[in-house]
Amino acid sequence: MKRGLDFVDQKIIGLLQENARMTLKEIAGRVYLSSPAASARIDRLEKEGYITGFHASINRELIGYNIKAFVNLVVEAGLREEFIAAMKRCKNVVECNCITGDYAMLLEVIYPNTEELEKFVCRLQKYGKTQTQIVFSTAVEHRELLPDAEVELAG
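First, a word on what this report is: a plain description of the structure on this page.

### As for the overall build of the protein
For step 1, the next point in the chain: Scanning the protein from N- to C-terminus turns up five helices and four strands.
For step 2, the next point in the chain: Taken from N to C terminus, the helices and strands of the protein fall in the order α-α-α-β-α-β-β-α-β.
For step 3, the next point in the chain: Computed over C-alpha atoms, the radius of gyration of the protein comes to 20 Å, more than 25% over the 15 Å expected from 2.2 N^0.38 for 155 residues, which places it beyond the range of a compact globule.
For step 4, the next point in the chain: Structurally, the protein occupies a C-alpha span of about 55 × 40 × 40 Å along its principal axes.
For step 5, the next point in the chain: Within the span of the protein, comprising 155 residues, buried residues form 30% of the whole.
For step 6, the next point in the chain: A separation threshold of at least 6 residues defines the contact pool for the protein, and within that pool the share at least 24 residues apart is 62%.

### What about the pattern of salt bridges?
Pairing of side chains with opposite charge becomes possible as their charged atoms draw close.
For step 1, the next point in the chain: Counted according to the given criterion, the structure contains ten salt bridges.
For step 2, the next point in the chain: A salt bridge links E61 to R60; the nearest nitrogen and oxygen atoms lie 3.2 Å apart.
For step 3, the next point in the chain: Judged by its relative accessible area of 39%, E61 is partly exposed.
For step 4, the next point in the chain: Between E81 and R80 there is a salt bridge, and its shortest N-O distance comes to 3.4 Å.
For step 5, the next point in the chain: Look at R80 and you get partly exposed, because its relative accessible area is 38%.
For step 6, the next point in the chain: One continuous salt-bridge network, built from bridges that share partners, spans D6, D9, R41, R44 and E48.

Cut-offs used in this document
- Residues numbered from 1 in each chain as written.
- Predicted model: local features only at pLDDT ≥ 70, side-chain atom pairs only at ≥ 80, totals over all residues.
- Heavy atoms only, no water.
- Helix = DSSP H or I, 4+ residues; strand = E, 2+ residues; numbered from the N terminus.
- Rg over C-alpha atoms; globule rule 2.2 N^0.38 Å.
- Buried < 20%, exposed > 50% of the residue type's maximum accessible area, 1.4 Å probe, protein only.
- Contact = heavy atoms within 4.5 Å.
- Salt bridge = Lys/Arg side-chain N within 4 Å of Asp/Glu carboxyl O.

Below, the structure written as structure tokens:
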């Protein structure tokens, strides 16, 4: 059984989410620990699975991926494992979620143009029925949940 996160663990995770390149010395100073103690905390958080990686966020448009879309898919019986394996290999699939409702899968994909997106969606149709929404703009970018975040109600 995993132990809970204390305030210092939560603060360290929050700092790393804000800036994964923050120096160990700065993290230690912000949580009032020595650098070796802060390093040990970070190592433990990784080993326990609370921290799963450190990533650079990129501007997808600047590297030529101008189209972001969400694709819903009803996966035909018996094709689920083949489908998931194919999505893991596809670099354009940013995220693949198994969902409830009329569709079984929800994909977030990025492509340089609508022609390439259309080719992808056509290939997906061998697995089942699709529905695609192209994103015009993103009002709130993807963000990580801070461990000390409280649930807020919309409105």
